[in-house]
Amino acid sequence: MSASPSLCYAQVRLQARHAERPGSAVWTRLGGIRSFTLLLKHLRESSLAYWVSTVSADYQAAEVEQRLAQQWRLQVRDLSVWVPGEWKKAVSWLEGAVELNRSPSGGPSLAEWGRHWQSLWPDGVDRAAREGLRRLTTLLKKHQAAFSGLSGPQAGWEAREDLQSRLTWLLRAETGRPAAVFAFLALIWLDWERVRGLLVERQLFDEAKGSA
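Let us look at the structure shown here.

Looking only at helices and strands, the protein has ten helices and zero strands in total. Evaluated residue by residue, the protein yields a buried proportion of 43% over its 212 residues. Of the roughly 10,900 Å² of accessible surface on the protein, 55% is carried by carbon and sulfur atoms.

Okay, structure coming up:
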């Protein structure tokens, strides 16, 4: 499917959501907040409020993870409503990404998980749409391979920033085609992952400090 009217409608929604995503200044400010409660307050006042809408300041780290996972699934489910029927299965499958993230050593491997996702693509995907999807999957595979060899959190965030730039370009280049939908999902996954990292790190620190 190439630049279909249905996907063009979804693209308008995606671009609007993409425009609301936080910039580097917001992430820098959030990264400097050491208190879990204060971090949660600032997240609620930002464009990232959706992710923490069900997180309470008295939650333990495990409860925070559970609530964030729930919000990811709801976000994917919401997006699946915008896409044509033949793409809903491939979009909905990504609800399970949180389980893969939390249990990387259990269940199917990342490669197996990705192959199953590709098996959910509809028959008859045209050449332009398939090429866009190929570029997206190649980009994600290269990032995963490079990321696994990095050392230190700074290198990791720099790699994610590079991935974000490339995904943003792809989101625009593939306007009206399936790759744009999945590029957007990858972008908000980066946001989700970063929010999760900040919150869990602060909560675990506060828990350790409280038990000392």
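From this point, things continue past the structure.
Counted under the stated rule, the structure contains nine aromatic pairs. Arranged with centres 6.2 Å apart and planes meeting at 20 degrees, the rings of Trp51 and Trp72 form a pair that is stacked. With Trp51 in the loop between helix H3 (36–44) and helix H4 (61–80) and Trp72 in helix H4, the pair connects residues that are 21 residues apart, well separated along the chain. Residue Trp72 is classed as buried on the basis of its relative accessible area, which comes to 2%. With a centroid separation of 5.0 Å and 80 degrees between ring planes, the pair formed by Trp72 and Trp189 is classed as edge-to-face. With Trp72 in helix H4 and Trp189 in helix H10 (residues 178–211), this pair connects stretches of sequence that are 117 residues apart. For the pair Trp72 and Trp189, a shared accessibility class is recorded, and that class is buried.

Here we take up the nonpolar core. Within the largest apolar cluster, 59 residues are counted, with the highest numbers of intra-cluster contacts made by Trp72, Phe182 and Leu199. Ranked by the residues each element gives to this core, the list is headed by H10, at 17 residues. Not counting chain neighbours up to four residues away, the residues in contact with Phe182 comprise Trp87, Ala90, Val91, Leu94, Trp117, Leu133 and Leu136.

Per the stated rule, a full pass over the model turns up 14 salt bridges. Residue Asp191 is joined to Arg21 by a salt bridge in which the shortest nitrogen-to-oxygen separation is 2.7 Å. Of this pair, Asp191 sits in helix H10 while Arg21 sits in the loop between helix H1 (5–19) and helix H2 (24–31), and the two are 170 residues apart along the sequence. Residue Asp191 shares its accessibility class with Arg21, and that shared class is buried.

Phe36, Leu39, Leu40 and Leu43 are the residues of H3 that are buried. Down the axis of H3, the sector holding all buried residues measures 100 degrees, keeping them to one side. If you check the start of H3, you find a side-chain oxygen 3.3 Å away from the backbone N of Thr37, and it comes from Ser35.

Definitions and limits used
Residues numbered from 1 in each chain as written. Predicted model: local features only at pLDDT ≥ 70, side-chain atom pairs only at ≥ 80, totals over all residues. Heavy atoms only, no water. Helix = DSSP H or I, 4+ residues; strand = E, 2+ residues; numbered from the N terminus. Buried < 20%, exposed > 50% of the residue type's maximum accessible area, 1.4 Å probe, protein only. Areas by Shrake-Rupley, 256 points an atom, 1.4 Å probe, with all protein chains shown as cover. Phe/Tyr/Trp six-rings, centres within 6.5 Å; stacked < 30°, edge-to-face > 60°. Core = buried A, V, L, I, M, F, W, Y, C linked by side-chain atoms within 4.5 Å. Contact = heavy atoms within 4.5 Å. Salt bridge = Lys/Arg side-chain N within 4 Å of Asp/Glu carboxyl O. Arc of directions from axis to C-beta. Polar contact = N/O pair within 3.5 Å; in protein donor to acceptor, adjacent residues only side chain to side chain.

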